[in-house]
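# Structure at a glance
Here's the letter readout for the chains.
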Amino acid sequence: MFKYLIRRIVVSIPVLISVTIIIFGLIELAPGDVVDNFINPEIGYSAETLEAIRERFGLGQPAPVRYLKWLGNAVQGDFGLTYVSGEPVLAAIGRRLGNTLLLMSTALLVGTVIGVSLGVFTALRQYSFWDLALTTLSFVGISMPAFITGILGMYLFAIEWKIFPSGGMRPVQRDPTVWDTLHHLILPAGILSLAYIATFMRYTRFSMLEVLHTDYVRTARGKGLHERVVIWRHTLPNALLPVITVIGLSLPSLVVGAVFIETIFSWPGMGTMYLDAVNAKDVPLIMGMNTVIAIVVLGANLLTDLAYGMIDPRIRYD
Amino acid sequence: MTSQPASPTGTPDRPTVVVELAGSRARPESLTRRTLRRFLRNRLAIVGVIGLATMILLVVFASQIERYPYEQMDLRAAKSPPGADHWFGTDRTGRDIWSRTIHGGRVSLSVAAAATLLSTVIGMTLGATAGYYGGKADWIISRFTDIVLTLPPIVIMLTLASFLPRSLVTLIVVIGGLSWPGTVRLVRGQFLSLREQEFVTAARCLGLSHRRIIFVHIMPNVIAPLVAMVSFTVGNAILTEAGLSFLGLGVAPPTPSWGNMLEAARNLQILRELPWMWIPPSIFTVLTVLFVNFIGDGLRDAADPTMVL
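Small disclaimer: the values here were computed from a predicted structure and weren't measured. (Residues numbered from 1 in each chain as written. Chains lettered and ligands numbered in written order. Predicted model: local features only at pLDDT ≥ 70, side-chain atom pairs only at ≥ 80, totals over all residues. Heavy atoms only, no water.)

## Notes on the packing of helix α4 (residues 97–133) of chain B against helix α5 (residues 135–150) of chain B
Residues and elements named next belong to chain B. Rules: Lines fitted to C-alpha atoms define the axes here, with helix axes fitted over just the stretch in contact, and angles between the N-to-C directions of these axes take values from 0 to 180 degrees. Helical segments are the DSSP runs of H or I of at least four residues, strand segments are the runs of E of at least two, and each set is numbered from the N terminus. Angle categories: roughly parallel below 35 degrees, roughly antiparallel above 145, roughly perpendicular from 65 to 115, and oblique for all the rest. In this scheme the handedness of a crossing depends on how the near helix is turned from the far one: anticlockwise by less than a right angle means left-handed, clockwise means right-handed. Two residues form a contact once any of their heavy atoms are found within 4.5 Å. All amino acids are sorted into three groups, where Ala, Val, Leu, Ile, Met, Phe, Trp, Tyr, Cys and Pro are nonpolar, Asp, Glu, Lys and Arg are charged, and the leftover types, Gly among them, are polar.
The geometry of α4 relative to α5 is characterised by a closest axis approach of 7 Å and an angle of 140° between their N-to-C directions. Judged on the interaxial angle alone, α5 and α4 are oblique. Where α4 crosses over α5, the handedness of that crossing is left-handed. Across the interface between the two elements, Leu 126, Thr 129, Ala 130 and Tyr 133 from α4 touch Gly 135, Ala 137, Asp 138 and Ile 141 from α5. Per-class residue counts for the contact of α4 with α5 are five nonpolar, two polar and one charged.

## Re the domain arrangement of chain A
Residue and element names in this part refer to chain A. Cut-off, in case you're wondering: Delimitation of the domains relies on an automatic or database domain assignment. In short, buried area is how much 1.4 Å probe accessible area vanishes from two parts on joining, totalled over both. Within this document, salt bridges are pairs made up of a side-chain nitrogen of Lys or Arg and a carboxyl oxygen of Asp or Glu, the two lying within 4 Å of each other. A 3.5 Å cut-off defines polar contacts: any pair of N or O atoms within that distance qualifies, except that in protein one atom must be a possible hydrogen donor and the other a possible acceptor, and neighbouring residues in sequence count only when both atoms are side-chain atoms.
Segmentation of chain A into domains returns domain 1 (2–75) and domain 2 (96–311). Tallying the contact residues gives 15 residues for domain 1 and 14 residues for domain 2. Here domain 1 packs against domain 2, burying approximately 1,300 Å² in sum over the two surfaces, 81% of which is carbon and sulfur. Two residues, Arg 8 and Asp 305, come together in a salt bridge whose shortest N-O distance is 2.6 Å. Counting the contacts that link domain 1 with domain 2 gives one residue pair in polar contact (both at pLDDT 80 or more). Sorting elements by how many residues they give to the side of domain 1 that touches domain 2 places helix α1 (residues 2–29) first, with 12 residues. Counted by class, the side of domain 1 that touches domain 2 contains 11 nonpolar, three polar and one charged residues.

## Here we look at helix α4 (residues 89–124) of chain A
Defined as follows: Helix span is expected to be 1.5 Å times the residue number reduced by one. Bend angle per residue: angle between axes fitted to the 7 residues ending at that residue and the 7 residues starting there.
Taking 1.5 Å per residue, 36 residues should reach 52 Å; α4(A) reaches 50 Å between its end C-alpha atoms and fits that length. The principal kink in α4(A), of about 30°, is found at A:Arg96.

## So, the interface of chain A and chain B
If you look at the interface, chain A gives 39 residues, while chain B gives 37 residues. In total, chain A and chain B occlude about 3,500 Å² of area from one another, counting both sides; carbon and sulfur atoms represent 85% of this. Remark: the boundary between chain A and chain B carries one salt bridge. Where chain A packs against chain B, one counts four residue pairs in polar contact (both at pLDDT 80 or more). Only α1, α5 (129–143), α6 (146–160), α11 (259–264), α12 (270–279) and α13 (283–311) of chain A provide two or more residues apiece to the side of chain A that touches chain B.

What follows is the structure in structure tokens.
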């Protein structure tokens, strides 16, 4: 187990480095001079100031040299300063990460609980009215992108009925209380959870039905076991295995955030920060965020595999 | 050495093997035909086909159907709600929303179609190469796919779309160039299992070229699951185009697309006072994706031999 863990981490390192090279390369290939972003049209510029900026951020060197320098610093935990605010990249990320984690973990938790429950419920009542109704709804759910559910939710709940605030994380005039945060959180998190509910419900239902039709479940029923025991002890644990993979695959979204929902509800999270970073061509911030995201994705994949091994005794890592 | 047993029926390429089943002397049904037959029994899938066909007709004949040119401003009729003159109402400069919606579909659907084509070609090429040849080629392609999958596609798409000029081509390249990993995995898996089967061994013994084995013998068996994958790629591409345009990274106005029409709703005043500006493109986007998903789901179930329909 320990050896497996070490091996997986070692294998991840070249992947991580390749990702940073690709992102660096993509930014490098883009047309235009990075220094142009420092020009303020209101003030104007002189060749000397541009040269000074080029000097200060080390932009005069060839791309491979700049990449290796970036990598050398990044390994030591120094991701440089952002172009726009001038603060350390990691500090900027840290400021936003908590907000995104709050939003996304609420959505993911609600989505998992409701989605898996509905999936089990519909599978046990296959072809009933509720099954058909919920399955059709889940179809609509996966076909509706977050920017449409977001706009619609905001229009109905924040503008027409004024139940929830239309954006932000806190009231302007006072320090936020727990209730204030919750009040701002419910609408965006609720809308986000809809997509999770639809996805997880479909997977759970499919997987439950598959297990319900296996021979060992038929044997369990044939032995005269109580239906409750058949479902809870024999079916559910096996049916949830593939669902865990799907949930594990959604873990990265905890950090990436939902760019669309954060934009619509002006939620100060990672998604809006990334959008601002690419619009401002803030290279250090883009590189830093991508590295953090890639680490989280690789970690989430590893975690999913480990969880799988813990739940399913047939899988052994050695 | 590519000697072929010339069959009297005049189809030398495909030696027909007649399997005699009890009570039936018919040729066994081909995989594609069987998939199609099972697909046509799925009611939701039929709804999807009819719905999508209607959508495509509306979009293709947009210039004939529109009642006002989509770029024509009419300040006297600005901000009018849906009615007899303007079915879906008008925007702040009096442009007809119905015209803009069906014209917007042109951009959305053609970007989705082109991006899907690009993604499928890349996916099939890489997947077939990795699965058929195995070894080093497989290792390189699989590692490359892993790396691309490490970052959520939306992150790379946002990065690319913001650095490249806003145009149709950018959208197609960005969306198509990043949607292929799923296709690679599917095609690779199919090739890995199919290349070990007897008919491929037989084809190899006959001395057929790799090209011929890949395209004539293996590829037809991959088509059924691939088509289901393609329809999901189309659905995702429509949503991605709309999403990027919504964030202001798609096709630039005044050319309408469903995404940049939706972008108008980011303005609180429009969101509140002119709901007819953003409701039509939302409905068209969701319906189209829903139809495509109906088709995709039907195809996947029809192509899955373990599924009893």
